[in-house]
Amino acid sequence: MANLLLVNEETSRYPQQKFRKVESPHDKLFKETFSHIKVTRSFLHHYLPPGIMKFLNTDTLKLEKDSFISKELEESYSDLLFSADIDGKEGYVYFLFEHKSYADRTVTFQILKYMAEFWDAKMRKENLKTVPPVIPLVMYHGNTSWNTPDRLSKAIANYDDLPREIRQFIPNYKFLLFDFTNYPDEEIKGEARIRILITMFRDIRKAETVQELLSILERSISYLQELDDKQTGMEYFETMLYYIFSTATNVTRGNTDEITEKIKNHYPEGSRVIMSLADMFREEGKELGKKLGKEEGKKIGKKQGIEEGKKRGKKEMEEMLVKNAIKKGLDLRIIEEITGLSQEEIQKIASKLKK
């Protein structure tokens, strides 16, 4: 990805584009937050156990360009790799962010695979005989709390009962888990963007009314106003709004005025961008609908014949359209506008996708 020097920021991997389109809003918020060294350093200081922090020199923290997420898992995971001196020697901190609605039981194997791939690449590229340590961090938010093992040995049957002579041949490691699903307010600390990210991940999908959504927005704006650099604040405000419009289930054309008014009162400099962002989402939704409808209609029509294709094609086209729109992160209200389907029909299709 292209590098960009932001005002008063040490590093960012995002090109400065207005309303840039990113497939996953969770991925966008995660990377836009932690790709700034200042923010990541603050997170490590506030959330890592003191026993680890005393060995980690965050003054040497540097964002690496490498990613070890496979293409097929990009919709479920994001990752960022940082180098930093650990106990005075070369080391790495690996952030893995899981943004599915449930905790994947295979995550311990995934991390082991990513670390092994990193070590292999490091050894080959630099002709090393040994590899540096990696501290893996797993950040998660979903519909349910994390309930899977945080240590590889817990995923191996009868590991603790095995003789020591056998266990020595079986790999084992532990990762640090940060489950944002039910994080208490008093434990949300650190730089403003960290507090916004955790608040958004924890609360947005739970908001059942516009008033609840406005309350989350007001709290996040109060954090945003702590930033000394207003340009940085505006750029992150755009990312924050993108996330709200992408994931909240109650943002519609009817209540955009309410949100705009809240922004005018609490963050006047941001009121100019909200309507443009809302319009962008609606246009994206319409274009996606036209494209998917045309493509799926053609495929099904050819297979089933003209008349049968029209009947069956319409139903399958609608289902495919809804599934793709959900994967793209579009709000259910926008999907309702695009397809003309009822919320009940959309929810029925969405439930199939979860299975």
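Residues numbered from 1 in each chain as written. Predicted model: local features only at pLDDT ≥ 70, side-chain atom pairs only at ≥ 80, totals over all residues. Heavy atoms only, no water.

Observations concerning the overall build of the protein
Point 1. A count of helices and strands for the protein gives 13 helices and five strands.
Point 2. Among the 355 residues that make up the protein, the fraction classed as buried is 52%.
Point 3. A sequence separation of at least 24 residues applies to 65% of the contacts in the protein between residues at least 6 apart.
Point 4. Just so you have it, the protein exposes about 18600 Å², and 50% of that area is on carbon and sulfur atoms. (Helix = DSSP H or I, 4+ residues; strand = E, 2+ residues; numbered from the N terminus. Buried < 20%, exposed > 50% of the residue type's maximum accessible area, 1.4 Å probe, protein only. Contact = heavy atoms within 4.5 Å. Areas by Shrake-Rupley, 256 points an atom, 1.4 Å probe, with all protein chains shown as cover.)

Looking at the side chain of E191
Point 1. In this structure, E191 sits in the loop between β5 (176–179) and α6 (192–203).
Point 2. In this structure, E191 is in contact with K38, V39, S42 and L227, ignoring residues within four places of it in sequence.

A short note on the nonpolar core
Point 1. The biggest cluster of nonpolar side chains holds 58 residues, and the ones touching the most others in it are F43, L44, F95 and F178.
Point 2. If we skip the residues at most four places from it in the chain, F95 touches F30, F34, T40, F43, L44, S78, D79, L80, F82, L137 and M139. (Core = buried A, V, L, I, M, F, W, Y, C linked by side-chain atoms within 4.5 Å.)

Here we look at the pattern of salt bridges
Point 1. All chains considered together, the criterion is met by 13 salt bridges.
Point 2. Its salt-bridge partner being K154, residue D150 comes within 3.4 Å of it at the nearest N-O pair.
Point 3. The class of K154 is exposed, set by a relative accessible area of 57%.
Point 4. The salt bridge involving D185 is made with R202; its shortest N-O contact spans 2.7 Å. One end of the pair, D185, is in the loop between β5 and α6; the other, R202, is in helix α6, and 17 residues separate them in sequence.
Point 5. For R202, a relative accessible area of 9% corresponds to the buried category. (Salt bridge = Lys/Arg side-chain N within 4 Å of Asp/Glu carboxyl O.)

Examining the sheet that holds strand β2 (residues 77–86)
The strands making up a sheet associate through hydrogen bonds between their backbones, and the pairing can be parallel or antiparallel.
Point 1. One open sheet holds the five strands; their spatial order is β1-β2-β3-β4-β5, and the pairing between them is mixed. Because the sheet does not close on itself, it has two edges, and the strands there are β1 (56–64) and β5. Each strand of the sheet is rotated relative to its neighbour by a mean of 25°, with strand direction disregarded.
Point 2. Inspection of the sheet shows β1 paired to β2 by five bridges, in the antiparallel sense. (Pairing = 2+ DSSP bridges. Axes fitted to C-alpha atoms, helices over the stretch in contact; angles between N-to-C directions.)

Describing the environment of I86
Point 1. Locating I86 in the fold gives a position in strand β2.
Point 2. Between the C-alpha atom of I86 and that of L56, which follows or precedes it by 30 residues, the distance is 4.7 Å.

Re the packing of α6 against helix α7 (residues 210–224)
Point 1. Contact geometry of α6 with α7 gives a least axis separation of 8 Å together with a crossing angle of 165°. It follows from the interaxial angle that α6 and α7 lie roughly antiparallel. Between α6 and α7 the crossing geometry is left-handed. From α6, A192, R195, I196, T199, M200, R202 and D203 reach across to α7, where they touch I216, R219, S220, Y223 and L224.
Point 2. Split by residue class, the contact of α6 with α7 holds six nonpolar, two polar and four charged. (Parallel < 35°, antiparallel > 145°, perpendicular 65-115°, else oblique. Left-handed = near helix turned anticlockwise from the far one by under 90°. Nonpolar A, V, L, I, M, F, W, Y, C, P; charged D, E, K, R; others polar.)

Description of the environment of L96
Point 1. Within the secondary structure, L96 is located in strand β3 (residues 89–98).
Point 2. The spacing of L96 and V107 is 11 residues in sequence and 9.5 Å in space, taken between C-alpha atoms.
Point 3. Aside from chain neighbours lying at most four places away, what touches L96 is I69, Y77, S78, D79, V107, I111, Y114, L137, V138 and M139.

Brief notes about empty space enclosed by the protein
Point 1. Going through the model one piece at a time under the given rule, you end up with two cavities of 30 Å³ or more.
Point 2. By volume, the second largest cavity amounts to about 30 Å³.
Point 3. Contributing to the lining of the second largest cavity are F68, L81, Y94, Y114, M115, F118 and V134.
Point 4. Sorting elements by how many residues they give to the lining of the second largest cavity places helix α4 (residues 107–126) first, with three residues.
Point 5. Residue composition of the lining of the second largest cavity, by class: seven nonpolar, no polar and no charged. (1 Å grid on protein atoms, 1.4 Å probe; cavity = no way out; pocket = protein on both sides within 12 Å on 5 of 7 lines; lining within 4 Å. Points joined across faces, edges and corners; volume = space filled by probe spheres on them.)

Thoughts on α4
Point 1. The end-to-end C-alpha distance of α4, which contains 20 residues, comes to 28 Å, matching closely the 28 Å that a straight helix rising 1.5 Å per residue would cover.
Point 2. All of the buried residues in α4 are V107, T108, Q110, I111, Y114, M115, F118 and K122. Buried residues of α4, seen end-on, are gathered within an arc of 165° and therefore sit on one face of the element.
Point 3. Where the residues of α4 are buried, they touch β2, β3 and β4 (134–140).
Point 4. Of the residues flanking the end of α4, it is N127, one or two places downstream, whose phi is positive at about 55°. (Expected span 1.5 Å × (residues − 1). Arc of directions from axis to C-beta.)

Describing unusual backbone geometry
Point 1. If you check the backbone angles, D87 has positive phi at about 55° while not being a glycine.
Point 2. As for its position among the elements, D87 is in the loop between β2 and β3.
Point 3. One non-glycine residue, N158, adopts positive backbone phi at about 60°.
Point 4. Within the secondary structure, N158 sits in the loop between β4 and α5 (164–167).
Point 5. Given the relative accessible area of 56%, N158 is considered exposed.

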